[in-house]
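Reading the structure
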Amino acid sequence: MRTILIIIIAFFILSLPVTGQEKISTSKQKEKDKTQKHGLKDEEEEDENPFPLRKFEYGINFGAYFANKYSANFYNGTPDNVNSIEDIFKNAYYRRDIRQALGIGETDTITQLTVDGYPTNMHYNVAFSGGLFLRVNFNRKNAIFLQANYAQLRAADAVTLLVYNPLGPQTYPDYRFEQVIGKEGRVMIDLGYQRSFPLKSRINLFIQGGATMCYTQVRKTIFVVEGKEFNLVNIYGSQGFQQGINQQTLTVNQNAFGLGGYLGVGAGIPLNDNFGIEPGFFAHYYPVNLEGYPDSKPSFGLYLRILIHTSSSEE
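Residues numbered from 1 in each chain as written. Predicted model: local features only at pLDDT ≥ 70, side-chain atom pairs only at ≥ 80, totals over all residues. Heavy atoms only, no water.

So, about empty space enclosed by the protein. Applying the stated criterion across every chain, the model contains three cavities of 30 Å³ or more. Each pocket or cavity is described by its volume, and for the second largest cavity that value is around 80 Å³. Asn-61, Ser-129, Asn-149, Phe-282 and Tyr-303 are the residues nearest the centre of the second largest cavity, which is lined by 13 residues in total. Where the lining of the second largest cavity is concerned, the elements lending two or more residues are β1 (56-66), β4 (142-164), β9 (275-287) and β10 (296-309). In terms of residue class, the lining of the second largest cavity is made up of six nonpolar, six polar and one charged. (1 Å grid on protein atoms, 1.4 Å probe; cavity = no way out; pocket = protein on both sides within 12 Å on 5 of 7 lines; lining within 4 Å. Points joined across faces, edges and corners; volume = space filled by probe spheres on them. Helix = DSSP H or I, 4+ residues; strand = E, 2+ residues; numbered from the N terminus. Nonpolar A, V, L, I, M, F, W, Y, C, P; charged D, E, K, R; others polar.)

Set out below in structure tokens:
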């Protein structure tokens, strides 16, 4: 009986290493299977994203800007505006030049000249815009961006002048339509967050949102009568323009800042490991803040961005 017990204990002790080895072997096999499974998944993800994720991306923007027409009326020359055609007519020298341009001689003291109507629905022409773009990618779905774009805007419309001779034949009113023109430059800086939605087709859809700062520079605001330009900005101060006198002109700054928001959508299309393009659409909402025009209004734009990739974040 004692001999049988010793044999059973000895057999049990000898079987322990074999059982441990089997457990270790089973654990290693599971780990190997797990590694192979993850390896296969990584390969699939690599197939869906053949280009490495880049930490920094730089771009050049080209596009069209559709500025809201609200502030275009800053250039229409109405008496309520800071730059008024009425002030031009009050100046004897300017008034004489206007009459001459319209064919009303200096000796004609009978014929009257008045402003019969101002444009009150001016709008900006579609403007070309361009700028620089920088994006920092945290991963394939989250990033922040900074961009600065510049656009030159032009607004133009007609002012109606009435030439009236009370002693002449009044068969029909003698209306003259002369242009009032405004030109401005805008620098728009956007800082925001980008959320991306990668597709298996390698196209990367994204949405952007952030803050916008707009700097507007009034470049020109003029009244044009038969090709002769009259500057609506008073650069002569309280004395006004005086012909034949060497006058010192003033630097009149009518530029403005506005803060608002930015929202955009687009699609990233990688061309190769180093370059890509991104067509997109965006909306701005900010006040231009030109004098007399303080309200925030939406403006829109279309762009095509050329991207240059730098060092990979996966390196």
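That covers the picture; the talk isn't over yet.
Quick look at the packing of aromatic side chains now. Taken as a whole, this structure holds eleven aromatic pairs when the rule is applied. Aromatic pair Phe-282 and Tyr-303: ring centres 6.2 Å apart, planes at 35°, arrangement tilted. One end of the pair, Phe-282, is in strand β9; the other, Tyr-303, is in strand β10, with 21 residues separating them in the sequence. A residue is classified by how much of its surface remains accessible, and Tyr-303, at 10% relative accessible area, is buried. Joined through ring pairs, the aromatic side chains of Tyr-65, Phe-133, Phe-145, Tyr-262, Phe-282 and Tyr-303 make up one cluster. (Phe/Tyr/Trp six-rings, centres within 6.5 Å; stacked < 30°, edge-to-face > 60°. Buried < 20%, exposed > 50% of the residue type's maximum accessible area, 1.4 Å probe, protein only.)

The next point concerns the pairing of strand β6 (residues 204-225). As paired elements, strand β5 (residues 174-198) and β6 share 20 bridges and run antiparallel to each other. When the sheet's bridge partners are listed, Ile-181 is paired in β6 with Ile-222. A loop of five residues connects β5 with β6, the two strands running antiparallel in sequence, and Arg-202 in this loop sits at a positive phi of about 80°. Sheet topology places β6 next to strand β8 (residues 256-270); 13 bridges connect them, and they run antiparallel. Looking at the pairing, Phe-206 lines up with Gly-266 of β8. Across four bridges, β6 lies against strand β7 (residues 228-231) in antiparallel orientation. Across the sheet, the residue bridging to Ile-222 is Asn-231, located in β7. (Pairing = 2+ DSSP bridges.)

Together, Phe-66, Val-126, Phe-197, Leu-199, Leu-205, Ile-207, Leu-263, Val-265, Phe-281, Phe-300 and Leu-302 make up a nonpolar patch on the protein surface, roughly 940 Å² of accessible area in all. Listed by contribution, the elements that provide at least two residues to the nonpolar patch are β6, β8 and β10. Assignment of secondary structure puts Phe-281 in strand β9. Accessibility expressed as a relative area gives 38% for Phe-281, which makes it partly exposed. (Patch = residues over 30% accessible without salt bridge, like charges linked within 9 Å, V, L, I, M, F, W, Y side chains within 5 Å. Areas by Shrake-Rupley, 256 points an atom, 1.4 Å probe, with all protein chains shown as cover. Salt bridge = Lys/Arg side-chain N within 4 Å of Asp/Glu carboxyl O.)

As a further point, take the confidence of the model for the protein. Caution is warranted with low-pLDDT regions, since their predicted coordinates should not be read in detail. When the pLDDT values of the protein are averaged, the result is 84; 79% of them are 70 or greater. Every residue in residues 1-28 is under pLDDT 50, and counting partners more than four places away or in other chains gives zero contacts. pLDDT under 50 marks residues 34-47. Its contacts with residues more than four places away, or in other chains, come to zero contacts. (pLDDT = per-residue confidence, 0-100. Contact = heavy atoms within 4.5 Å.)

The next thing to look at is the nonpolar core. When a protein is soluble and globular, its nonpolar side chains tend to lie buried together. Formed by 43 residues in total, the largest nonpolar core has its most connected members in Tyr-65, Tyr-75, Ile-98 and Phe-223. Counting residues per element, this core draws most heavily on β4, which supplies seven residues. When sequence neighbours within four positions are dropped, the list of residues in contact with Phe-223 reads Ile-85, Phe-89, Ile-98, Val-159, Leu-161, Glu-178, Gln-179, Lys-228, Glu-229, Phe-230 and Leu-232. (Core = buried A, V, L, I, M, F, W, Y, C linked by side-chain atoms within 4.5 Å.)

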